[in-house]
Amino acid sequence: MKTFVCAVCLLLTACCTLSTHAQTRYSQRMAESQGKQWTHGKSWDYVNGLVAKSLLNLCEQYQYADWTANYYQWAKEYADNAINPDGTFKNFKKGNIDNINSGKVLFALYRHEKALDEQNGTHNADRYKKAADWLRNYLVNDYSRIQTGDAKGCFFHKDIYPGQMWLDGLYMGAAFYAEWQANFDPNNTKAWTDIAHQFKTIAHHTYDAGKQLYYHAWSANPEDANSFWANKAEPHKGCSKEFWGRGMGWYFAALVDVLEVMPQSHPDCNELKTIVNTVAKGLARWQDRESGVWYQLLQYDDSFVSRCGIANYLESSASSMFTYAYLKGIRLGILPESYKDVAEKAYQGLLKTFVTTNEDGTINLNQSCRSAGLGPAKDPSRDGTPDYYLCGKDVTIVNNEGKAIGPFIMACLEYELVK
């Protein structure tokens, strides 16, 4: 009876608008304010999966007392909505590396449900392991890859973008691949080489040493109609035209996540550490000195105004991703402690620039880019120019965007670890 009463108390606490602890933890405040709308009853999509992953990170960081909180149930129901009891997917859409990303929620669910299975003699965790295995095998064995040149073996961003690599895709595919290896086959040297190859290749082709930034995307075949946005000649042949904040945010976050689990003895590990330090150095150069956060288009400030009259703006999803990656990289020893000032200023900048409070105590995260992409041929407006990233029909400024909510929660968790 006593155990039952305690469990009820925990559930009642979780159902409150904001718990006492949540008043001082921005990770929990944002999870309780915005987590449900991006996970509860949602489809298998990388944005919803990103938020669900951040909720599970929160649960793991604050341990068992918070496993009963609503946000664990939201994340679990999100996965259960997409996966059958036998671990097969109900409606998985192939040919899009974004759809791999949500698989990251399966690892924490498997760990926790397995522990419950061992206590209760049940078998509820198996579905999550089987689903993760299916995603890994599909990505590694069946997903489309570039077949020629130094990029041979690199994943397409999507089948509708043949021969293209986008910075976004490293977070979606390679980072999941690495987490699966770390959990279930950590000594597979060939797999780690395959993962590192993705990062090394896109770094080689998209880095601009003068700007110290990485172009959003690269095409191995810039003459292809779907790569109309790509440079046709050197320098930076095959690259898109701009340095998009969130694109670099995906890449930076993916690097620190992979280096967290990659065997230190692997011969490519040091090269990935060099790349992530190059990313960190470049982004520190372009951090806005006044606010501490970053612009939608990294190489400009708000004095740059597009043809449609929209000025470049401070953007919350990229800024959250950068803050997360700096803090985690420093904590892991991947980045030097000299970046602490950059990270601290970035975190405080997130709170000051983008967070607002509602009358009921819930909070918002404002000023995010809703979406951005390149092509395909049937959509020539997505041309990768500065005007597109500020005026494109799919590039609008929104509030409480899942691509910002998830990284913001993860950035706060990293900050809370050391405070």
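Just so you know, these numbers come straight off a predicted model, no measurement behind them. (Residues numbered from 1 in each chain as written. Predicted model: local features only at pLDDT ≥ 70, side-chain atom pairs only at ≥ 80, totals over all residues. Heavy atoms only, no water.)

S.K.: Explain the overall build of the chain here, please?
M.R.: Helix and strand content of the chain: 15 helices and eight strands. What you see for the chain is a C-alpha radius of gyration of 21 Å, in line with the 22 Å of a compact globule of 419 residues. Considering only C-alpha atoms, the chain reaches an extent of 75 × 45 × 40 Å along its principal axes. For the chain, with 419 residues in total, the buried portion stands at 60%. Sequence separation of 24 or more characterises 71% of the internal contacts of the chain that already satisfy a separation of 6 or more. Entry remark: accessible area of the chain is about 17100 Å², with carbon and sulfur atoms responsible for 50%. A gap of 1 Å separates the mean positions of the 43 positive and 46 negative side-chain charges of the chain. (Helix = DSSP H or I, 4+ residues; strand = E, 2+ residues; numbered from the N terminus. Rg over C-alpha atoms; globule rule 2.2 N^0.38 Å. Buried < 20%, exposed > 50% of the residue type's maximum accessible area, 1.4 Å probe, protein only. Contact = heavy atoms within 4.5 Å. Areas by Shrake-Rupley, 256 points an atom, 1.4 Å probe, with all protein chains shown as cover. Lys, Arg positive; Asp, Glu negative; His and termini not counted. Charge placed at Lys NZ, Arg CZ, Asp CG, Glu CD.)

S.K.: Sorry, what's going on with unusual backbone geometry here?
M.R.: In terms of backbone geometry, most residues other than glycine have negative phi values and most peptide bonds are trans. Here the bond from Glu-234 into Pro-235 is cis, since omega is 0°, no more than 30 degrees from zero. With respect to the helices, strands and loops of the structure, Pro-235 is situated in the loop between strand E4 (217-219) and helix H10 (245-261). Cis rather than trans, the peptide bond between Gly-375 and Pro-376 has omega equal to 0°. You can see Pro-376 is positioned in the loop between strand E7 (368-369) and helix H14 (386-391). A positive phi angle is found at Gln-367, which is not glycine, with a value near 65°. Tracing the sequence through the fold places Gln-367 in the loop between strand E6 (363-365) and E7.

S.K.: What is the right way to look at the side chain of Asn-101 in this model?
M.R.: Within the secondary structure layout, Asn-101 lies in helix H5 (residues 98-101). Among the polar contacts listed, one links the side chain of Asn-101 to the backbone oxygen of Tyr-46, at a separation of 3.3 Å. (Polar contact = N/O pair within 3.5 Å; in protein donor to acceptor, adjacent residues only side chain to side chain.)

S.K.: Please clarify how the packing of helix H6 (residues 105-120) against helix H7 (residues 126-142) should be interpreted in this entry.
M.R.: Packed helices, taken two at a time, are described by the angle between their axes plus the distance between the axes. Contact geometry for H6 and H7: axes closest at 9 Å, N-to-C directions at 155°. Taken together, H6 and H7 sit at an angle that is classed as roughly antiparallel. Where H6 crosses over H7, the two elements pack in a sense that is left-handed. When H6 is examined against H7, the residues Leu-106, Phe-107, Leu-109, Tyr-110 and Glu-113 are found in contact with a partner set consisting of Tyr-128, Lys-129, Ala-131, Ala-132 and Leu-135. In the contact of H6 with H7, the residues fall into eight nonpolar, no polar and two charged. (Axes fitted to C-alpha atoms, helices over the stretch in contact; angles between N-to-C directions. Parallel < 35°, antiparallel > 145°, perpendicular 65-115°, else oblique. Left-handed = near helix turned anticlockwise from the far one by under 90°. Nonpolar A, V, L, I, M, F, W, Y, C, P; charged D, E, K, R; others polar.)

S.K.: What am I meant to see in the packing of helix H8 (residues 167-184) against helix H9 (residues 189-206) here?
M.R.: Interhelical geometry of H8 versus H9 gives an angle of 160° and a closest axis separation of 9 Å. In terms of their interaxial angle, H8 and H9 are classed as roughly antiparallel. H9 is crossed by H8, and the crossing has left-handed handedness. In this structure, H8 contributes Leu-167, Leu-170, Ala-174, Tyr-177, Ala-178, Gln-181 and Ala-182 to the contact, and H9 contributes Ala-191, Trp-192, Asp-194, Ile-195, Gln-198, Phe-199, Ile-202 and Thr-206. Looking at the contact of H8 with H9 residue by residue, the classes come out as eleven nonpolar, three polar and one charged.

S.K.: Got a minute to help me understand the packing of aromatic side chains in this structure?
M.R.: For any pair of aromatic rings, the description consists of the separation of the ring centres together with the inter-plane angle of the planes. Applying the stated rule across the entire model yields 30 aromatic pairs. Ring pairing ties together the aromatic residues Trp-44, Tyr-78, Phe-89, Phe-92, Trp-134, Tyr-138, Tyr-143, Phe-155 and Tyr-177, which thus form one cluster. A cation sits over an aromatic face here: Lys-104 above Tyr-171, 3.3 Å from the ring centre. Cation over ring: Lys-129 sits above Phe-184, and NZ or CZ is 4.6 Å from the ring centre. (Phe/Tyr/Trp six-rings, centres within 6.5 Å; stacked < 30°, edge-to-face > 60°. Lys NZ or Arg CZ within 6 Å of the ring centre and 35° of its normal.)

S.K.: I'm lost on the confidence of the model for the chain in this one. Help?
M.R.: Residues shown with low pLDDT carry predicted positions that ought not to be read at fine detail. In the predicted model, the chain carries a mean pLDDT of 93, and the fraction of residues at 70 or more is 93%. When the criterion is pLDDT under 50, residues 1-22 qualifies, and its contacts beyond four places in sequence or with other chains add up to 22 contacts. (pLDDT = per-residue confidence, 0-100.)

S.K.: Teacher, can you tell me more about the pattern of salt bridges here?
M.R.: Side-chain pairs of opposite charge can arise whenever the charged atoms involved come near each other. Under the criterion given, the structure shown has 19 salt bridges. Asp-257 is the partner of Lys-328 in a salt bridge, and the nearest nitrogen-oxygen pair spans 2.8 Å. Of the two residues, Lys-328 sits in helix H12 (residues 316-332) while Asp-257 sits in helix H10, which places them 71 residues apart along the sequence. For the residue pair Lys-328 and Asp-257, the accessibility class agrees, reading buried in each case. Where Asp-379 meets Arg-382, a salt bridge forms, and the shortest distance between an N and an O atom there is 4.0 Å. Assigned by exposure class, Asp-379 and Arg-382 land together as buried. Put simply, Asp-379, Arg-382, Lys-393 and Asp-394 are held in one network by salt bridges that share partners. (Salt bridge = Lys/Arg side-chain N within 4 Å of Asp/Glu carboxyl O.)

S.K.: Would you explain the environment of Cys-269 in this entry?
M.R.: With respect to the helices, strands and loops of the structure, Cys-269 is situated in helix H11 (residues 269-286). A relative accessible area of 0% means that Cys-269 is categorised as buried. Here the alpha-carbon distance between Cys-269 and Val-258, two residues eleven residues apart in the chain, equals 9.6 Å. Residues in contact with Cys-269, not counting those within four places in the same chain, are Leu-259, Met-262, Pro-263 and Gln-264.

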